[in-house]
Amino acid sequence: MNLLAIIAATLVAGIGSVWIAALLLRVGVRTGEGGVNPQHLLSLAAGALLATAFMHLLPEAFESHIEPGVLFAVLLFGLVFFFLLDKAELWHHGHEHHHEGGHDHDHDHHHEHAHSHHGHSHGAPKSGGWAVLTGDSVHCFGDGILIASAFIADLHLGLVAAVAVLAHEVPHHIGDLVVLRQSSANQRAALVKVSLAGTMTALGGVVGWWLVDRLHEWLPYFLVLASSSFVYVALADLIPQLQKRLPARQTAMQIVWLAIGIVLVTLVSRLAHGEHSHAHGDADQAHHAHDHSD
């Protein structure tokens, strides 16, 4: 049952986020009035990731009997690891860009998130498109492992993690689609390619289920690493894109959407926890009735 829930949640987070991104692009994602503002999506994603890490994953990990100092050390290790991973990706893109001999200081204004993840979007569109798909597949695979770790800890925790990943992947996939549409006139082909990359979330979920299930005593460490990933993405990737001098109204909207992300995760947690508790209550009643009948 747990594996089926993991597969379903990872498919929704991986592929569903691509389709939502495509729908938002169709509606019109652009800065300014009219259309979906990418700043709002980034704020929503940041709020969802931070709420999931600090209000759900970390508390669950710290309920174990592991020394808090050890878990904080793992959290620090995770943050440094993702920082170095980011540096390696930037170095790779810069090295590749140098060999292609192109320039791209004019990043697509449709979605600033493409800037941080994909570096260049015009210099060599075909090779850049495959670089995007490769990077996206690896990223989605990692997300699947994180979701599986949360599901193995607790069903409602897994649902919360899946929602946080979904919220983060929507602006991410908008960037992917923008880059791929520049390398191909066929918009449907771009959607299919990014959707296939999104299926790697489900593969990561299955691998994560197999791995964490066999290393169950390591589960708190997996949860802390998942938290460090969410915190790093929110603080090092999403929020810096929001740190701009804006009119008071736009700044207020950023804060509102950040709060919406936090509230969304909290509501999903409450609903999932309520259903989980109800199911356990029914099971306990049935067990109690069975004992009386004996």
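First, a word on scope: everything that follows refers to the structure included in this document. Predicted model, so just to flag it, every value in this text is computed and none were measured. (Residues numbered from 1 in each chain as written. Predicted model: local features only at pLDDT ≥ 70, side-chain atom pairs only at ≥ 80, totals over all residues. Heavy atoms only, no water.)

### Some details on helix α7 (residues 187-198)
With 12 residues, α7 should cover 16 Å at 1.5 Å per step; its first-to-last C-alpha distance of 17 Å lies within 8% of that length. The set of residues buried in α7 consists of Ala190, Val194, Ser195, Ala197 and Gly198. Considered in projection along α7, the buried side chains sweep an arc of 155° and stay on one side of the axis. Summarising the geometry of α7, the exposed residues directed more than 90 degrees from the buried face are Arg188 and Leu196. (Helix = DSSP H or I, 4+ residues; strand = E, 2+ residues; numbered from the N terminus. Expected span 1.5 Å × (residues − 1). Buried < 20%, exposed > 50% of the residue type's maximum accessible area, 1.4 Å probe, protein only. Arc of directions from axis to C-beta.)

### Let's talk about the packing of aromatic side chains
One pass over the full model with this rule turns up four aromatic pairs. Between Phe77 and Phe81, the ring centres sit 6.1 Å apart and the planes meet at 20°, which makes this aromatic pair stacked. With Phe77 and Phe81 both in helix α3 (residues 68-100) and four residues apart, this pair spans about one turn of that helix. For Phe81, a relative accessible area of 39% puts it in the partly exposed group. Between Phe81 and Phe82, the aromatic rings sit 5.4 Å apart at their centres with planes inclined by 70°, giving edge-to-face as the arrangement. Through a chain of ring-to-ring contacts, three or more aromatic side chains come together here, namely Phe77, Phe81 and Phe82. (Phe/Tyr/Trp six-rings, centres within 6.5 Å; stacked < 30°, edge-to-face > 60°.)

### Regarding the packing of helix α1 (residues 2-27) against helix α8 (residues 200-214)
Closest axis-to-axis distance for the α1/α8 pair is 8 Å, and the angle between their directions is 150°. In terms of orientation, α1 and α8 fall into the roughly antiparallel class. Taken as a pair, α1 and α8 cross one another with a handedness that is right-handed. On α8, the residues that touch Leu3, Ile6, Ile7, Thr10, Leu11 and Gly14 of α1 are Thr201, Ala202, Gly205, Val206 and Trp209. Of the residues assigned to the contact of α1 with α8, the class counts are seven nonpolar, four polar and no charged. (Axes fitted to C-alpha atoms, helices over the stretch in contact; angles between N-to-C directions. Parallel < 35°, antiparallel > 145°, perpendicular 65-115°, else oblique. Left-handed = near helix turned anticlockwise from the far one by under 90°. Contact = heavy atoms within 4.5 Å. Nonpolar A, V, L, I, M, F, W, Y, C, P; charged D, E, K, R; others polar.)

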